[in-house]
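Secondary and tertiary structure notes
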Amino acid sequence: ASFVSSAVKALGGGRFEAFGKMTIKGKTLESRAPFTLKQEKGVLILDGTFPLKRLAYDIGSGVWSDTSVADEVLVKFHFVLK
């Protein structure tokens, strides 16, 4: 999976939203990822979450394509930038 941001919007209070394209299994869709940004002890820390509809990216096949396994999953990310 890859996410390529085309823009970042400041929301205030250390909150931001990245806009761009998410590619998974060769399928690319517009996406947005809200995140917080803070600085601690000389490093930047980004934390965020966003929902992803797995069937939109053809994730799962056979019995896994059934929505008894949730279509929408929550993706969480944590980056420490030195």
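Parameters and conventions
Residues numbered from 1 in each chain as written. Predicted model: local features only at pLDDT ≥ 70, side-chain atom pairs only at ≥ 80, totals over all residues. Heavy atoms only, no water. Helix = DSSP H or I, 4+ residues; strand = E, 2+ residues; numbered from the N terminus. Buried < 20%, exposed > 50% of the residue type's maximum accessible area, 1.4 Å probe, protein only. Contact = heavy atoms within 4.5 Å. Core = buried A, V, L, I, M, F, W, Y, C linked by side-chain atoms within 4.5 Å.

Here the focus is the environment of Glu-30. Within the element layout of this structure, Glu-30 appears in strand β3 (residues 27-40). Of the residues examined, Glu-30 reaches a relative accessible area of 59% and is grouped as exposed. Sequence-wise, Glu-30 and Ser-6 are 24 residues apart; in three dimensions their C-alpha atoms are separated by 10 Å. Leave out the neighbours within four places in its chain, and Glu-30 touches Gly-20 and Lys-21.

Time to look at the nonpolar core. Ranked by size, the top nonpolar core spans 10 residues in total: Ala-18, Met-22, Ile-24, Ala-33, Phe-35, Leu-46, Phe-50, Leu-52, Tyr-57 and Phe-77. Secondary structure elements with two or more residues in this core: β2 (15-24), β3 and β4 (43-53). When sequence neighbours within four positions are dropped, the list of residues in contact with Ile-24 reads Ala-1, Leu-52, Tyr-57 and Ile-59.

Of note in this structure, Lys-25 is not a glycine but carries a positive phi near 50°. Take Lys-25: it is sitting in the loop between β2 and β3. A residue is classified by how much of its surface remains accessible, and Lys-25, at 62% relative accessible area, is exposed. Within the chain, Lys-41 stands out as a residue other than glycine whose phi angle is a positive 50°. With respect to the helices and strands, Lys-41 occurs in the loop between β3 and β4.

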